[in-house]
Amino acid sequence: MAGSAPLDPSPLAASEDDRRLVEALRAGDEGAFTQLLERYHTTLVRLAMIYVTDRAVAEEVAQETWLGVLQGIDRFEGRASLKTWIFHILLNCARTRRHREARSIPFSAFWNPAAEPGEPAVEPERFLPADHPTWPHHWNAFPECWSGLEDRLVARETYAYIRQVIETLPLHQREVITLRDIDGWTASEVCAALGISEANQRVLLHRARSRVRRALEQYLREQ
Amino acid sequence: MDDEQELTCQELVELVTEYLEGALSPEDRGRFEVHLATCPGCQTYLEQMRQTIELLGRITEEMIPERAKADLLHAFRTWKRG
């Protein structure tokens, strides 16, 4: 017998807690439903805002999602986590709504963001030119350290600004940065939920994070 | 690609996410860290990326509005009866 613990066959499957909640929900336990609402409702609204820009419409999409959860709860098999399963329902509701608004940009199996020219993480003029005698492609002036700006960084206005920046990102970058960095999903959860590869997930995350950092740098400099 | 060549700052900034995600090959990770050790500009850059990610994770947690909660609990009771 090997001394190591058995490998979890699917780290993305439903947890014990998920199964307990689902059982309670099937039994009509209102407390379980309240717990789910408190845990995920605001996340669902935020995720819906990725697809529909109007806050009131996003709220409707979240409500529709909960009705979908109730109607489908008997079909929940636990192969995915409850969170991923609920997100799939949200995705369907939000994309249907978006489609109705005729702004649909579906993921394609052949779509490869790495092959698309992306903007650089940092403006090229921040680096010395290729023909520089000693330091080609190195910083021409170092970025300024943000230490000492902590109060400004966590100010309410800064959060509002970051939200605005995220709204300007292309759809797929917005999906990935919202799930990964705002809602704290793991890379595998995001890949499973959006049906994209690990590599594409990283490219989208990189572009989105770089854009937010650049915007923050500019914001802090202007103040 | 010349593996022996040192990374430039402009190359490093494009590898930051792969570095933080643990997705670089051991060789590239080594080159990344060698550059970082001697470059204050890239150290600051990496720190800024970390601060950006931390900030994103702290975007306010809101509560479900009471009205929405009441509506949904009403829907739940209807569903339960149905």
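Residues numbered from 1 in each chain as written. Chains lettered and ligands numbered in written order. Predicted model: local features only at pLDDT ≥ 70, side-chain atom pairs only at ≥ 80, totals over all residues.

## What to know about the overall build of chain A
Each helix and strand counted, chain A has nine helices and zero strands in total. Put simply, chain A runs from its N terminus to its C terminus through helices and strands in the order α-α-α-α-α-α-α-α-α. Here chain A holds 223 residues, and 35% of them are scored as buried. Nonlocal contacts in chain A, meaning residues at least 24 apart in sequence, comprise 63% of its contacts between residues at least 6 apart. (Helix = DSSP H or I, 4+ residues; strand = E, 2+ residues; numbered from the N terminus. Buried ≥ 20, exposed ≤ 12 C-beta atoms within 10 Å, placed from the backbone. Contact = placed C-beta atoms within 7 Å.)

## Let's talk about the nonpolar core
In terms of nonpolar packing, the biggest core is built from 48 residues, with Ala48, Val61, Leu90 and Ala94 of chain A touching the most fellow members. When residues of this core are assigned to their parent elements, the largest contribution, ten residues, is made by helix H2 (residues 30-51) of chain A. For this core, the domains that each give at least three residues are domain 1 (16-100) and domain 2 (125-222) of chain A. Ala94 of chain A has contacts with Ala48, Tyr51, Val52 and Val61 of chain A, leaving out every residue within four places of it along the chain. If you look at the next biggest cluster of nonpolar residues, it comprises 13 residues, including Val13, Phe32, Cys42 and Met49 of chain B. (Core = buried A, V, L, I, M, F, W, Y, C linked by C-beta atoms within 7 Å. Domains from an automatic or database assignment.)

## Observations regarding the interface of chain B and chain A
Chain B puts 36 residues into the contact, and the matching count from chain A is 41 residues. Only helix H1 (9-20), helix H3 (40-57) and helix H4 (66-81) of chain B provide two or more residues apiece to the side of chain B that touches chain A. For the side of chain B that touches chain A, the element with the highest residue contribution is H3 of chain B, accounting for twelve residues. For the side of chain B that touches chain A, the per-class residue count stands at 18 nonpolar, ten polar and eight charged. (Nonpolar A, V, L, I, M, F, W, Y, C, P; charged D, E, K, R; others polar.)

## Describing the environment of Trp135 of chain A
Residues and elements named next belong to chain A. Looking at the secondary structure, you find Trp135 in the loop between helix H4 (82-100) and helix H5 (150-153). We classify Trp135 as partly exposed; it has 13 C-beta atoms within 10 Å. When the C-alpha positions of Trp135 and Gly195 are compared, they lie 42 Å apart, and in sequence the two are 60 residues distant.

## As for the confidence of the model for chain B
All names here are of chain B. Per-residue pLDDT for chain B averages 90, and the proportion of residues at 70 or more is 91%. The weakest mean pLDDT in chain B belongs to H4 at 90; the strongest belongs to H1 at 98. Taken together, the chains of this predicted complex give a pTM of 0.81 and an interface ipTM of 0.84. (pLDDT = per-residue confidence, 0-100.)

## A closer look at the packing of H2 of chain A against H4 of chain B
For the pair H2 of chain A and H4 of chain B, interaxial distance at closest approach is 11 Å and the crossing angle is 140°. Crossing of H2 of chain A against H4 of chain B: the hand is right-handed. In contact with Glu30, Phe33, Thr34, Leu37 and His41 of chain A of H2 of chain A, H4 of chain B contributes Ala68, Lys69, Leu72, Leu73 and Phe76 of chain B. (Axes fitted to C-alpha atoms, helices over the stretch in contact; angles between N-to-C directions. Left-handed = near helix turned anticlockwise from the far one by under 90°.)

## Here we look at H1 of chain B
In a regular helix each residue adds 1.5 Å, so twelve residues correspond to 16 Å; H1 of chain B covers 16 Å between its end C-alpha atoms and thus fits that length. Taken residue by residue, H1 of chain B has Cys9, Leu12, Val13, Val16 and Thr17 of chain B as its buried positions. Taken end-on, H1 of chain B shows its buried residues confined to a sector of 150°, consistent with a single buried face. Where H1 of chain B is buried, its residues meet helix H9 (198-222) of chain A together with helix H2 (26-38) and H3 of chain B. (Expected span 1.5 Å × (residues − 1). Arc of directions from axis to C-beta.)

## A closer look at the domain arrangement of chain A
Residue and element names in this part refer to chain A. Taken domain by domain, chain A comprises domain 1 (16-100) and domain 2 (125-222). Summarising the inter-unit geometry, the C-alpha centres of domain 1 and domain 2 are found 29 Å apart. On the side of domain 2, eight residues touch domain 1, which itself brings eight residues to the contact. Take the side of domain 1 that touches domain 2: its biggest share by element is four residues, from H2. Residue composition of the side of domain 1 that touches domain 2, by class: four nonpolar, three polar and one charged.

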